[in-house]
Structure formats: C-alpha cells, structure tokens
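So you can see what is in the structure, the chains are spelled out below.
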Amino acid sequence: MNRSRSHDLFRQAQAVLPGGVHSPVRAFRGVGGDPVFFERGEGAWLVDVDGNRYVDYVGSWGPLLMGHAWAPAVDAVCEAAKRGTSFGAPHEAEVVFAEAIIRAVPSVEKVRLVSSGTEATSAAIRLARAATGRDRILKFEGCYHGAADSLLVKAGSGVETLGLPDSPGVPADLAKHTLTLPYNDIEKLREFFDRHGDTIAGAILEPVVGNMGVLPPKEGFHEALRELCTKHGTVLIWDEVMTGFRLARGGAQARFGITPDLTTFGKVIGGGLPVGAYGGKRELMKLIAPEGPVYQAGTLSGNPLAVAAGQAMLKAIEDPALFDGLEKTSARLCDGLSALATEAGVPHRLNRVGSMWTIFFTPDEVYDYPTAKTADTKRFGRFYHAMLDRGVYLPPSQFEAAFVSTAHGDAEVEHTLAAAREAFKSL
Ligand SMILES: Cc1ncc(COP(=O)(O)O)c(C=O)c1O
Ligand SMILES: NCC(=O)CCC(=O)O
C-alpha cells in the first residue's frame, strides 16, 4: 500500500504542529510509523490522501455512531448554516435539544451545553467542589476524562500511550487534590471511603472504561460506588463522553440501572460536530451561573450547527432496533476476531461492551490498569500495521477503544475478518 502523500504531509505538518498533529493520540506513537492523512469518509470507510480505502473503527474516536458523512446530520448542518453559524445568544433548537437529552437520560434534570468532553468534565468537577465545599476528587487509574489539569493524574488514553502518567505543567498543589484508586476494586473502594469519604467532593469515572482499551465494570462495582457516594455526600459523576448515546439511548446508566448525580457527555451527542454537555440533579445544576454562583461559559456553547447535528443523532437513536443492529454486528465482528486469533495461536483477550471493543495481546483477564499493562504492545503494533496494510483502520494504540457504527455491515465485517486472518498469522 502506497502512502507517500501521507508521509509527505506528515513531514510538512511536523514543521508547524507539535508532533505533526493537533491531538497526541493521532500521532501513531503507540504503534510506530507515520499517521495516515485522510481525504474523506464514506459510511464505515475512510479514504486516505493516496486513495487507499480502510474500514474505519476509530469513528473520530467515538462520535460517529452512524458512520462518516451521515446524510441526516450533514443536511441538518447545511440547513442550519444558512440561517447563521453562531448567535452567541439563545435560540430555539438548543432548548429542544436539551429537552431531547433529558428525555433520553432521566438522571439529567437540567443540562448545560459546551463544546467538548474536556469542558464538560472540568465543569462537572468544579460543580462538585462548589456543591460540597470540598476540594478532593476521586478518579480511577487509567480512566481518561479529557485534558483538564485536575484530571491529568494517572490518566489513560494518549497520556498512557506516551507514558506520561502525570503531565508536567499541572501544579502539584492542584494535582494533590486528585486521589486515585484502581478500577473494579470494591474492597479498596470501601477502605478509601472509610478513611477519606467525608473529604471527597466528587468521584468521577468511565462507567465502561474505553481509555485503557475497553474494560467492563465488575459485578457490584457501580453499586458499591453509588452507595458510598450517597453515604458520604460525594457527588457521583459518570463520565459518559464515550458511552453516552452509544451503549444505549440512555447511555451506560440505562444499561446498568445506576443513577449518577452528574453526567458528562461528548462525542456521539454532537453527531460528529463539537458538542459536550453536563447535567444532572436540579439541585446541583441550579448552582451553575447565572442561576447560581459557579461560573462556566463558552462563546460557541449551544452552537446552532453543532446542535443541528446533535438533534439528528438523538432522533436517530430513538429507534431501539439501531442498538440491536449495533450489538449484532459488533458481536459477529468480535467473535470472529477472537476465533481467528485462537486459531492462529495468538493469546489474547477481546473485551467488548456493545459497539466498543479492544483486543488485548495477553492471555490474562483485563479488568484494571495493571492488567491492561500486561498486554504485549509490540505485538499490538505489528497487528496494527498488518491490519492497516490490509485496509482496516484501528485506533493506533493498545490502550484505546475501537468503535462499530451502524454503517458497518456484513461486507465490512467480512473485509475485517479476512484481513485479521492474515494479520494474526503474521504475528
Ligand atoms: C471518557 C472521556 N471523557 C472525556 C474525554 C474528553 O473529551 P474531548 O476529547 O471531547 O475533550 C474523552 C475523550 O477524549 C473520553 O473518552
Ligand atoms: N480515547 C481518547 C480520545 O478519545 C481522545 C481523542 C483525542 O484527544 O484526539
């Protein structure tokens, strides 16, 4: 496969962009080689600047539940653009959109729109701190909640891929307020809350982790955290930036039957445009300015183009058959991949929840940060390039989730499995 134009563009990019990219996870540091530059997307497929075609499992890192250039979102954005691209003032669609979010996710009684997941999680922890008068935040090792200072402590995703578990530039005086625990360890959770519970403003977590690769929650983990937060007056924040509107219309909380106090959204909520949101209990959300004193703002918040795309998305996911279809495609794909890896004698664990999945190159169960780290990342890198060269675009790191969209069908699954059959044999 010839990718010479991508190589040339990457050299050009490195002269003007740090590392040649606008977000670290795009740079292929976890798998080696140069990133691919894309020209366009069509449904489940990406086409690069050299004309190569790939089945895409990155989906812009999660937002593209319906695949690339999904017509209802594109049309809605074009129509909205004709009426003005930004008002910096209230408009009807942002209210109707908020109502749709609240209908889909019952724990959200009031919601504020922002433009990214990072903004949503930053605001949620500020709100938790203000509501409780406490400074400390509990997060879980390997969870990633965006690039905000308080949350760049033992973070997953690109932070882990680059081996920077604590980022320079985050004041130690701030980071000391972020305490961390292993994911899925109920015993440690109870010990921690016994000792520190009454000093913790908020506990934030990914309800299904995507940012160490996919890790499902263990039985009882969410129930225990919910109970402990209630007991100690700690605000439970579910970061559903990745899982929201993807694992079910009502997100992971609909799937697991847990009611968080605050929820953060991003990715799917914007239908491929920049949208984030946070919302939850009325008594918490009323503290947000101008209703209350907790300041949070954004010039492009509630942007009419982004809201138009988001509305198209939220309308589409009202159809429960959509999630049944995603589940079937994802199961077929992942069962197929796992069977092929086994056939080729490649020790692996394939973790999947709904349309989120990761293949870890380790024989052992993967359920937290240390177990994710047992994966053979060199082998992942070889697998990655073997798949890329056969027209399959996976997230370029062992510690990321791959995503299936509704645009993925039998043809894409077949193409992927045919590539994987050869790729596993080459490892
Ligand atoms: C769970 C989670 N929270 C927050 C974020 C941050 O969102 P954004 O990249 O839109 O700022 C991400 C992804 O980047 C994420 O996966
Ligand atoms: N799982 C990690 C992300 O989704 C981050 C995407 C980015 O920062 O480009």
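Residues numbered from 1 in each chain as written. Chains lettered and ligands numbered in written order. Predicted model: local features only at pLDDT ≥ 70, side-chain atom pairs only at ≥ 80, totals over all residues.

Caption draft 1: Expanded view of the sheet that holds strand β11 (residues 349-353). The three strands are arranged β11-β12-β14 in an open sheet whose pairing can be described as antiparallel. Looking at which strands have only one partner, the edges of the open sheet turn out to be β11 and β14 (402-403). For β11 and strand β12 (residues 356-360), the ladder comprises five bridges, and the chain directions are antiparallel. Across the sheet, N351 pairs through a bridge with T358, a residue of β12. Its contacts with the sheet place helix α12 (residues 320-343) against β11 and β12, and it is angled at close to 175 degrees to β11. (Pairing = 2+ DSSP bridges. Helix = DSSP H or I, 4+ residues; strand = E, 2+ residues; numbered from the N terminus. Contact = placed C-beta atoms within 7 Å. Axes fitted to C-alpha atoms, helices over the stretch in contact; angles between N-to-C directions.)

Caption draft 2: Representation of unusual backbone geometry. Residue P290 is reached from A289 by a cis peptide bond, and omega for that bond is 10 degrees. By the secondary structure assignment, P290 is in the loop between α10 (282-285) and α11 (304-316). With phi around 75 degrees, N184 is a residue other than glycine that occupies positive phi space. Following the sequence through the fold, N184 ends up in the loop between β6 (178-181) and α7 (186-196). With 20 C-beta atoms counted inside 10 Å, the residue N184 sits in the buried group. Although it is not a glycine, F245 adopts a positive phi angle of roughly 65 degrees. (Buried ≥ 20, exposed ≤ 12 C-beta atoms within 10 Å, placed from the backbone.)

Caption draft 3: Structural view of the site of ligand 2. Around ligand 2, the neighbouring residues are S23, V25, W61, G62, Y144, S157, G210, N211 and E400. Here the shell around ligand 2 is composed, by residue class, of three nonpolar, five polar and one charged. Counting only domains with at least three residues in the shell around ligand 2, you end up with domain 1 (4-65 + 320-425) and domain 2 (71-316). (Near = placed C-beta within 6 Å. Nonpolar A, V, L, I, M, F, W, Y, C, P; charged D, E, K, R; others polar. Domains from an automatic or database assignment.)

Caption draft 4: Structural context of the domain arrangement of the protein. The domain architecture assigned to the protein consists of domain 1 (4-65 + 320-425) and domain 2 (71-316). Spacing between the C-alpha centres of domain 1 and domain 2 amounts to 25 Å. Listed as interface residues are 30 residues of domain 1 and, on the opposing side, 32 residues of domain 2. For the side of domain 1 that touches domain 2, the secondary structure elements donating two or more residues are α12, β11, β12 and α13 (369-372). The dominant element in the side of domain 1 that touches domain 2, judged by the number of residues it contributes, is β12, at four residues. Considering only residue class, the side of domain 1 that touches domain 2 consists of 17 nonpolar, nine polar and four charged.

Caption draft 5: Here's a closer look at helix α14 (residues 377-388). Taking 1.5 Å per residue as the helical rise, α14 with its 12 residues ought to reach 16 Å, and the 16 Å between its terminal C-alpha atoms agrees with that figure. Buried within α14 are the following residues: F380, F383, Y384, M387 and L388. All buried residues of α14 project into a common sector of 130 degrees when viewed along the axis, lining one side. Buried residues in α14 make contact with β13 (392-393) and α15 (410-425). (Expected span 1.5 Å × (residues − 1). Arc of directions from axis to C-beta.)

Caption draft 6: Local environment of the site of ligand 1. The local shell around ligand 1 holds 15 residues, among which S116, G117, T118, G146 and V241 are the closest. Counting residues per element, the shell around ligand 1 draws most heavily on helix α4 (residues 117-132), which supplies three residues. Counted by class, the shell around ligand 1 contains three nonpolar, 10 polar and two charged residues.

Caption draft 7: Inspection of the environment of G272 at higher detail. Looking at where G272 falls in the secondary structure, it is placed in the loop between β9 (262-265) and β10 (276-280). Look at G272 and you get buried, because 26 C-beta atoms sit within 10 Å. As for G272 and A93, which are separated by 179 residues in sequence, their C-alpha atoms are 17 Å apart. Discounting residues that sit within four places of it in the chain, G272 has contacts with S60, P63, L64, A73 and A309.

Caption draft 8: Region of interest: the UniProt feature "modified residue: N6-(pyridoxal phosphate)lysine" (unreviewed entry) in the protein. Under the UniProt annotation, the feature "modified residue: N6-(pyridoxal phosphate)lysine" (unreviewed entry) is placed at K267. Relative to the helices and strands, K267 is located in the loop between β9 and β10. For K267, a count of 27 C-beta atoms within 10 Å corresponds to the buried category. Aside from chain neighbours lying at most four places away, what touches K267 is G62, P63, G117, V241 and M242. (UniProt positions renumbered as here; feature names shortened; annotations may be inferred.)

Caption draft 9: Spotlight on the pairing of strand β3 (residues 53-56). Inspection of the sheet shows strand β2 (residues 45-48) paired to β3 by three bridges, in the antiparallel sense. When the bridges of β3 are listed, L46 appears paired with Y54. The hairpin formed by β2 and β3 contains four residues between the paired strands, and G51 there has a positive phi angle of roughly 90 degrees. Of the strand pairs in this sheet, β3 and β13 are connected by two bridges, and their pairing is parallel. In the strand pairing of β13, V55 is matched with V392.

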